[in-house]
Amino acid sequence: MSERTNERLTVFKTYKLYVGGKFPRSESGRVYEVTDSKGNWLANAPQSSRKDARDAVVAARKAFGGWSGATAYNRGQILYRVAEMLEGRRDQFVREVGEAEGLGKSKAAAVVDATIDRWVWYAGWTDKIAQVVGGGNPVAGPYFNLSSPEPTGVVAVLAPQESSFLGLVSVLAPVIATGNTAVVIASENSPLPALSLGEVLATSDVPGGVVNVLSGRTAEIAAPLAAHQDVNAIDLAGADEVLAKELEIAAADNLKRVLRPQPVDDWSATPGIDRMTAFLETKTVWHPTGSLGASGSAY
Amino acid sequence: MPTNAPTAALKDVTSSGSTLRRFLHGLPGVDAVGLEARAASLGTRSIKTTAKAYAIDLAISMVDLTTLEGADTPGKVRALGAKAVRPDPTDRTTPTTAAVCVYPDMVTVAKEAVAGSGVKVASVATAFPAGRAALPVKLADVRDAVAAGADEIDMVIDRGAFLAGNYLKVYEEIAAVREACGATRLKVIFETGELSTYDNIRRASWLGMLAGADFIKTSTGKVAVNATPANTLLMLEAVRDFRAQTGVQVGVKPAGGIRTSKDAIKFLVLVNETAGPDWLDNHWFRFGASSLLNDLLMQRQKLATGRYSGPDYVTVD
Amino acid sequence: MASVFAYAPAPESRSVVDIAPSYGLFIDGEFVESADGKVFKTVSPSSEEVLSEIAQAGAEDVDRAVKAARKAFEKWSALPGSERAKYLFRIARIIQERSRELAVLETLDNGKPIKETRDADLPLVAAHFFYYAGWADKLGHAGFGASPRPLGVAGQVIPWNFPLLMLAWKIAPALATGNTVVLKPAETTPLSALFFADICRQAGLPKGVVNILPGYGDTGAALVAHPDVNKVAFTGSTAVGKEIAKTVAGTRKKVTLELGGKGANIVFDDAPIDQAVEGIVNGIFFNQGQVCCAGSRLLVQESIHEELLDSLKRRLSTLRLGDPLDKNTDIGAINSEEQLARITSLVERGEAEGAERWSPACELPESGYWFAPTLFTNVTQAHTVARDEIFGPVLSVLTFRTPDEAVAKANNTPYGLSAGIWTEKGSRILAVANRLRAGVVWSNTFNKFDPTSPFGGYKESGFGREGGRHGLEAYLDV
């Protein structure tokens with residue numbers, strides 16, 4: 001916090017979790033101190049417990065049917081709306097990202113701009129990914145056969161620890177663009193941009209529960225998520241090597257789709273479609289083509 | 001009064017055009033690919049040695065040896081009758097065919113030719129093969145054949161009326177013919193190639209059975225698509241289901257296009273595994289065919305002697 | 001003249017296949033003994049006759065095979081795709097040429113009817129190699145980047161239900177993409193994989209590109225855990241799949257798992273009933289029900305429950321169980337004594353839990369492993385036979401009232417591999433297919449496979465897809 005020079009005392013924001021479209025405190029009542037890169041106090045963030053994780057999964061599961069069943073066009077419209085809302089709060093995010101990541105104003109602004117552009121990029125993908133990765137298969141027989149991608153379900157996302165906003169959006173947007181719902185664990189030390197993103201999502205027509213944001217100790221929250229039988233997949237972007245292995249083992253219990261952490265030098269580089277396809281299932285539907293008449297072949 | 005009067009449960013369905021239509025359109029649909037796949041799969045049965053010998057004799061006994069040409073003469077029909085009575089002059093153990101099948105004006109000749117043999121005379125009627133004549137003409141055609149001594153009448157349905165959705169007209173025509181037949185067994189020909197879809201063939205099968213058919217028969221042999229494994233399988237399902245529902249057993253006759261023993265045996269497999277062994281008898285299953293018989297005879301000779309026969313060792317009629 | 005139409009025996013000739021009294025491991029282009037000299041016997045499940053004695057690979061052999069594959073990888077991956085393609089085309093052709101022999105062999109070792117190996121397994125095996133052969137020089141057009149790289153050495157573990165077909169599903173895409181392979185066939189069905197080694201020899205495939213290691217579960221575990229394996233592909237049980245997922249945790253190994261299922265076959269009251277009956281029979285009795293995507297749960301709309309059950313029972317009564325080499329056999333032997341025991345115990349449990357058991361009159365041969373086609377009625381979602389994968393010729397019949405209920409029941413399982421929908425109403429097919437959580441949905445058909453068509457599960461049925469363009473991804477560094 002910068003020293004206040006004018007007479008007016010500013011109003012602090014109480015940062016809260018974002019679960020099921022609501023802004024609860026942690027059920028554990030715990031908070032932890034969030035500081036800027038120089039160690040100055042920024043806020044107290046909720047320190048989520050395993051019960052918060054459980055509630056978030058319930059909310060995400062509840063939202064899955066509606067979100068995955070929405071038209072791809074509709075999802076694209078909603079995601080684009082998120083970008084519009086982000087643009088409107090640009091100054092706030094520039095400040096939060098700058099404080100969180102120790103960036104000067106212009107660098108922080110560049111990160112926020114890249115983040116907003118990333119939302120726009122993914123918003124445009126919602127109604128194209130099925131055409132790129134799905135399609136008809138020329139089977140040898142009188143059958144029409146079509147493969148289509150479908151969201152895998154509830155995805156637990158460990159957001160990157162360093163890139164608190166661009167990294168977060170780069171892992172979250174592909175998950176929900178394709179119709180999954182998400183439980184996101186914010187960067188442990190820099191959770192504030194993530195928690196503020198929750199506020200944006202809440203005012204952007206994104207149905208409650210589609211994205212759930214938890215802050216706290218990554219390892220503490222991730223363990224129950226990795227073991228949760230009603231979570232379909234997990235993105236380990238924010239886990240170190242030891243934690244990632246532990247979580248991958250836990251995830252094997254119900255055969256979650258696991259996206260292992262990969263070194264990312266530059267989150268602003270153009271992403272491919274891998275982060276979308278990682279959480280897509282392929283469903284292939286067959287139907288006989290039949291014939292116009294009962295001409296049936298002879299023996 | 002039809003001899004195959006449907007049970008009370010089905011009586012209502014023919015009370016009006018709309019009830020009949022509702023009933024026929026309420027029958028389960030047919031998936032063409034699945035039906036044809038099942039027929040093809042049964043076609044892979046391998047019928048060998050004793051089973052083959054049994055099947056060949058059974059097939060011979062099921063043949064309606066047919067000549068339905070404008071050029072038919074008494075001489076041609078007499079030769080056909082002789083062939084039906086004694087298919088293989090070199091082997092008296094060969095069964096007779098089920099029947100000879102001729103036009104109405106040849107019934108008298110045919111009756112004489114098969115007299116005393118047990119071979120039946122079937123006559124096509126009702127303005128065969130097109131069926132395009134007024135009902136009184138069709139009935140006169142039937143009565144004429146019956147009066148000449150036909151044991152069986154092979155009528156054609158009015159495909160035009162059927163395709164126009166006028167099911168009641170088709171029903172009433174069949175019922176009228178049924179009545180004109182008296183005790184003579186009635187085969188109802190759908191001309192499946194013209195009905196075109198499997199759904200139509202299933203509906204026609206039920207329509208024919210409701211109207212009192214003793215046999216349902218695929219085709220006249222006069223159009224491009226005649227009996228196929230799939231349409232015969234479908235009709236076998238229909239007679240099976242009709243008996244289960246009404247207790248009345250109806251026969252099936254595929255006609256046209258069955259030329260080899262191999263094919264005939266596959267049709268018998270269809271009968272065996274669809275309608276069941278109750279239909280494996282010439283009272284309930286027939287082949288409408290002409291050239292098939294000689295191939296069956298050559299195969300029969302091969303089984304008996306162990307060497308392949310040739311066309312010069314079976315009679316050409 | 002017989003009085004009934006009884007089909008005389010029509011056995012396929014066994015003489016087309018020449019099984020050696022013993023086989024080694026196939027490593028680096030040669031048949032070798034196992035390091036510790038261990039062997040095991042493979043028997044014909046329909047007769048319990050010992051077919052051959054097979055070298056059993058241990059950890060040392062796994063290491064040797066992986067080394068051979070690693071060495072071969074350098075040259076194989078550097079070959080132009082068009083050259084790799086030609087090797088695969090050769091293999092495909094040789095399989096076609098030898099398909100009668102391989103069909104008889106597979107039937108002997110597995111117990112499945114010759115009708116199936118001849119008309120389903122072998123044509124699909126050849127087709128799979130043909131399909132992926134064509135991809136080898138077109139990978140840049142597959143949507144995985146301009147020049148996608150292979151992963152390296154693929155460790156592949158396959159099951160006993162479709163021994164040669166599962167080998168094809170694994171080896172064809174692996175080789176097309178430039179990987180080399182160490183493959184472990186199942187302990188009860190090693191022979192066709194060893195014959196495939198001979199096909200590789202005939203095709204002139206460079207040594208070390210394909211290595212075959214017969215063995216039990218411990219051989220597979222050693223292969224999966226080997227540090228120099230880059231890719232693990234497994235088809236088998238969900239329990240083993242979970243173990244594998246744990247084994248590879250924290251490594252860079254890429255994994256695809258094709259696991260169990262409890263497929264729902266949903267029949268609506270407006271279904272094409274006769275074809276539905278065929279589809280139900282094909283869905284659960286194809287390969288004696290030993291199929292991961294089997295339609296083992298029949299969900300029938302209540303309004304046609306009795307009618308359909310009557311038809312089904314009548315149809316089951318025409319199934320011909322017996323000598324798998326007889327061309328008229330519909331139901332062959334269960335693959336092993338162990339599997340038979342598992343089926344038997346689950347069926348006993350079904351009875352104990354109050355489900356009603358029915359089988360057609362059916363004489364079982366005296367020797368070999370046999371189980372009569374079986375239906376369970378009065379089954380609810382709570383019954384073990386409706387939840388556990390039986391992997392045998394056992395169908396559980398449940399009912400539903402509305403499409404919603406059908407979908408809810410179909411999805412109410414940890415598995416998600418296959419499902420079937422039977423209705424003449426097109427919009428209902430699309431609506432239901434859309435809501436089913438399963439990787440393959442067959443509407444108005446069942447158990448259809450094609451090399452162009454991706455196959456694989458949701459949820460605990462595994463992850464990754466085999467077949468089609470999608471199947472390439474598992475073997476590319478993307």
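Residues numbered from 1 in each chain as written. Chains lettered and ligands numbered in written order. Predicted model: local features only at pLDDT ≥ 70, side-chain atom pairs only at ≥ 80, totals over all residues.

Chain C is annotated in an unreviewed UniProt entry as Betaine-aldehyde dehydrogenase of Streptomyces griseoruber. Heading Sequence similarities (unreviewed entry) of the UniProt record for chain C holds this comment: "Belongs to the aldehyde dehydrogenase family." (UniProt positions renumbered as here; feature names shortened; annotations may be inferred.)

With an unreviewed UniProt entry as reference, chain B is termed Deoxyribose-phosphate aldolase, source organism Streptomyces griseoruber. What the UniProt record of chain B gives under Pathway (unreviewed entry) is the line "Carbohydrate degradation; 2-deoxy-D-ribose 1-phosphate degradation; D-glyceraldehyde 3-phosphate and acetaldehyde from 2-deoxy-alpha-D-ribose 1-phosphate: step 2/2." Under the Catalytic activity (unreviewed entry) heading, UniProt states for chain B: "2-deoxy-D-ribose 5-phosphate = D-glyceraldehyde 3-phosphate + acetaldehyde".

Visitor: How do you make sense of the overall build of chain C when you look at a structure like this?
Guide: Across its full length, chain C carries 15 helices and 18 strands. Over its C-alpha atoms chain C spans a radius of gyration of 22 Å, differing by no more than 12% from the 23 Å that the globule rule assigns to 478 residues. Among the 478 residues that make up chain C, the fraction classed as buried is 61%. Across chain C, contacts joining residues at least 24 apart in sequence account for 72% of those joining residues at least 6 apart. (Helix = DSSP H or I, 4+ residues; strand = E, 2+ residues; numbered from the N terminus. Rg over C-alpha atoms; globule rule 2.2 N^0.38 Å. Buried ≥ 20, exposed ≤ 12 C-beta atoms within 10 Å, placed from the backbone. Contact = placed C-beta atoms within 7 Å.)

Visitor: How do you make sense of the overall build of chain B when you look at a structure like this?
Guide: Within chain B one finds 14 helices and eight strands. Computed over the C-alpha atoms, the radius of gyration of chain B is 19 Å, within 12% of the 20 Å expected from 2.2 N^0.38 for a compact globule of 317 residues. Taking the principal axes of the C-alpha coordinates as reference, chain B spans close to 60 × 45 × 35 Å. Buried residues in chain B amount to 58% of all 317 residues. Within chain B, contacts between residues at least 6 apart in sequence are counted, and of these 75% link residues at least 24 apart.

Visitor: Which parts of the structure should I look at to understand the interface of chain C and chain A?
Guide: Reports of interface size often rely on the accessible area that becomes lost once the parts have come together. Taken together, the contacts link 34 residues of chain C with 27 residues of chain A. For the side of chain C that touches chain A, the secondary structure elements donating two or more residues are α8 (238-247), α14 (426-435), β17 (440-443) and β18 (462-463) of chain C. Residues that form the side of chain C that touches chain A fall into these classes: 15 nonpolar, twelve polar and seven charged. (Nonpolar A, V, L, I, M, F, W, Y, C, P; charged D, E, K, R; others polar.)

Visitor: Would you take a moment to explain unusual backbone geometry for this structure?
Guide: Leaving glycine out, the prevailing phi sign among residues is negative, and the prevailing peptide bond configuration is trans. Residues and elements named next belong to chain B. Backbone torsion omega between Phe128 and Pro129 reads 0°, so that peptide bond is classified as cis. As for its position among the elements, Pro129 is in the loop between β3 (120-125) and α7 (135-147). Positioned with a positive phi, Ala127 is a non-glycine residue whose angle comes to about 60°. By secondary structure assignment, the location of Ala127 is in the loop between β3 and α7. We classify Ala127 as partly exposed; it has 16 C-beta atoms within 10 Å.

Visitor: Is there a simple way to think about the sheet that holds strand β13 (residues 356-358) of chain C in this case?
Guide: Pairing between the strands of a sheet is mediated by backbone hydrogen bonds and can be parallel or antiparallel. If you walk across this open sheet you meet the ten strands as β3(A)-β4(A)-β10(A)-β17(C)-β16(C)-β11(C)-β12(C)-β15(C)-β14(C)-β13(C), and the pairing is mixed. The sheet is open, and its two edges are formed by β3 (135-136) of chain A together with β13 of chain C, each paired on a single side. Across three bridges, strand β10 (residues 280-288) of chain A lies against β17 of chain C in parallel orientation. For Trp286 of chain A, the partnering residue across the bridge sits in β17 of chain C and is Trp442 of chain C. (Pairing = 2+ DSSP bridges.)

Visitor: I keep staring at the pairing of strand β10 (residues 254-258) of chain C and nothing clicks. Help me out?
Guide: Two faces make up the sheet, and in a regular strand the side chains alternate between them. All names here are of chain C. The buried fraction of β10 is high, at five of five residues. Neither face of β10 is open: one carries Lys254, Thr256 and Glu258, the other Val255 and Leu257, and all of them are buried. Note on the crossover from strand β9 (residues 231-235) through α8 to β10: the handedness is right-handed. Of the strand pairs in this sheet, β10 and β18 are connected by two bridges, and their pairing is antiparallel. (Right-handed = clockwise from strand over helix to strand, strands pointing away.)

Visitor: What am I meant to see in the nonpolar core here?
Guide: One recurring pattern in soluble globular proteins is that nonpolar side chains are buried together. If you look at the biggest cluster of nonpolar residues, it comprises 251 residues, and the most contacted ones within it are Val157, Val183 and Val184 of chain A together with Leu88 of chain C. No other element matches the eleven residues that helix α5 (residues 163-176) of chain C contributes to this core. Domain assignment of the residues forming this core places at least three in each of domain 1 (14-259 + 458-473) and domain 2 (264-443) of chain C. Not counting the four nearest positions on each side in its chain, Val183 of chain A is found in contact with Ala53, Ala56, Val57, Ala60, Val154, Ala156, Val157, Asn212, Leu214 and Leu225 of chain A. (Core = buried A, V, L, I, M, F, W, Y, C linked by C-beta atoms within 7 Å. Domains from an automatic or database assignment.)

Visitor: How do you make sense of the confidence of the model for chain C when you look at a structure like this?
Guide: When pLDDT is low, close inspection of the predicted coordinates is not appropriate. Averaged over all residues, the pLDDT of chain C equals 97, while 99% of them reach at least 70. Under the prediction, the complex receives an ipTM of 0.97, its pTM being 0.96. (pLDDT = per-residue confidence, 0-100.)

Visitor: Looking at this model, I keep getting lost on helix α1 (residues 50-69) of chain A. Mind explaining?
Guide: Along an α-helix, residues three or four apart share an orientation, since each turn contains 3.6 residues. Residue and element names in this part refer to chain A. In this model α1 runs 29 Å from its N-terminal to its C-terminal C-alpha over 20 residues, within 8% of the 28 Å that 1.5 Å per residue would give. By the largest-angle criterion, Ala63 marks the main kink of α1, which is about 40°. What α1 keeps buried is the set Asp52, Ala53, Asp55, Ala56, Val57, Ala59, Ala60, Ala63, Phe64, Trp67 and Ser68. Against β4 (143-151), β5 (154-158), β6 (181-185), β7 (211-214) and α8 (218-227) lie the buried residues of α1. (Expected span 1.5 Å × (residues − 1). Bend = angle between axes of the 7 residues up to and from the residue.)

Visitor: Got a minute to help me understand the domain arrangement of chain C in this structure?
Guide: Residues and elements named next belong to chain C. Entries for chain C in the domain assignment read domain 1 (14-259 + 458-473) and domain 2 (264-443). Counting from both sides, the interface comprises 23 residues of domain 1 and, opposite them, 26 residues of domain 2. Those elements that provide at least two residues to the side of domain 1 that touches domain 2 are α3 (99-110) and α4 (114-135).

Visitor: Looking at this structure, how should I read the UniProt feature "domain: Aldehyde dehydrogenase" (unreviewed entry) in chain C?
Guide: According to UniProt, the positions carrying the feature "domain: Aldehyde dehydrogenase" (unreviewed entry) are residues 31-477 of chain C. Taken end to end, residues 31-477 of chain C comprises 41% helix and 16% strand; its first and last C-alpha atoms sit 31 Å apart.

Visitor: What's the story with the interface of chain B and chain C in this structure? I'm lost.
Guide: Contact residues are listed per partner, giving 26 residues for chain B and 23 residues for chain C. Mapped by element, the contributors of at least two residues to the side of chain B that touches chain C are α3 (32-42), α4 (49-61) and α13 (261-274) of chain B. Sort the elements by how many residues they give to the side of chain B that touches chain C and α4 of chain B lands first, with seven residues. Each residue belonging to the side of chain B that touches chain C can be placed in one class, and the counts come to twelve nonpolar, seven polar and seven charged.

Visitor: Could you clarify how one ought to interpret the sheet that holds strand β7 (residues 251-253) of chain B in this entry?
Guide: All names here are of chain B. Within the open sheet, the eight strands sit side by side as β7-β6-β5-β4-β3-β2-β1-β8. Their pairing is parallel. Looking at the sheet topology across the chains shown, the edges are occupied by β7 and β8 (287-289). Strand-to-strand twist across the sheet, computed as the mean angle between neighbouring axes with direction ignored, equals 25°. Direction of pairing for strand β1 (residues 63-66) relative to β8: parallel, over a ladder of three bridges. (Axes fitted to C-alpha atoms, helices over the stretch in contact; angles between N-to-C directions.)

Visitor: Can you walk me through the packing of α4 of chain C against α5 of chain C in this structure?
Guide: When two helices pack together, you describe them by how their axes are tilted relative to each other and by the distance separating the axes. All names here are of chain C. Two elements in contact, α4 and α5, have axes separated by 9 Å at closest approach and are oriented at 5°. As summarised for this structure, α4 and α5 are arranged roughly parallel, according to the angle between their axes. The segment α4 lies against α5, with Asp121, Leu124, Val125, His128, Phe129, Tyr132, Ala133 and Trp135 engaging Leu164, Leu165, Ala168, Trp169, Ala172, Pro173 and Ala176. For the contact of α4 with α5, the residue count by class is 13 nonpolar, one polar and one charged. (Parallel < 35°, antiparallel > 145°, perpendicular 65-115°, else oblique.)

Visitor: How should the packing of α5 of chain C against helix α6 (residues 191-202) of chain C be read in this particular structure?
Guide: All names here are of chain C. Two numbers describe how α5 lies on α6: the axes approach to 8 Å, and their chain directions differ by 50°. Taken together, α5 and α6 sit at an angle that is classed as oblique. Viewed along their axes, α5 and α6 form a crossing whose handedness is right-handed. Here Pro163, Leu164 and Leu167 of α5 lie close against α6, whose contacting residues are Ser192, Ala193 and Phe196. Counted by class, the contact of α5 with α6 contains five nonpolar, one polar and no charged residues. (Left-handed = near helix turned anticlockwise from the far one by under 90°.)

Visitor: Explain the environment of Val184 of chain A here, please?
Guide: All names here are of chain A. Mapped onto the elements of the fold, Val184 is located in strand β6. C-alpha of Val184 to C-alpha of Asp240: the two residues are 56 residues apart in sequence and 16 Å apart in space. When sequence neighbours within four positions are dropped, the list of residues in contact with Val184 reads Val157, Ala159, Leu172, Ala194, Val211, Asn212, Val213 and Leu214.

Visitor: What am I meant to see in the pairing of strand β5 (residues 185-189) of chain B here?
Guide: All names here are of chain B. For β5, the buried fraction is high: four of the five residues fall into the buried class. For strand β4 (residues 152-156) and β5, the ladder comprises five bridges, and the chain directions are parallel. Bridging across to β5, Ile153 finds its partner in Leu186.

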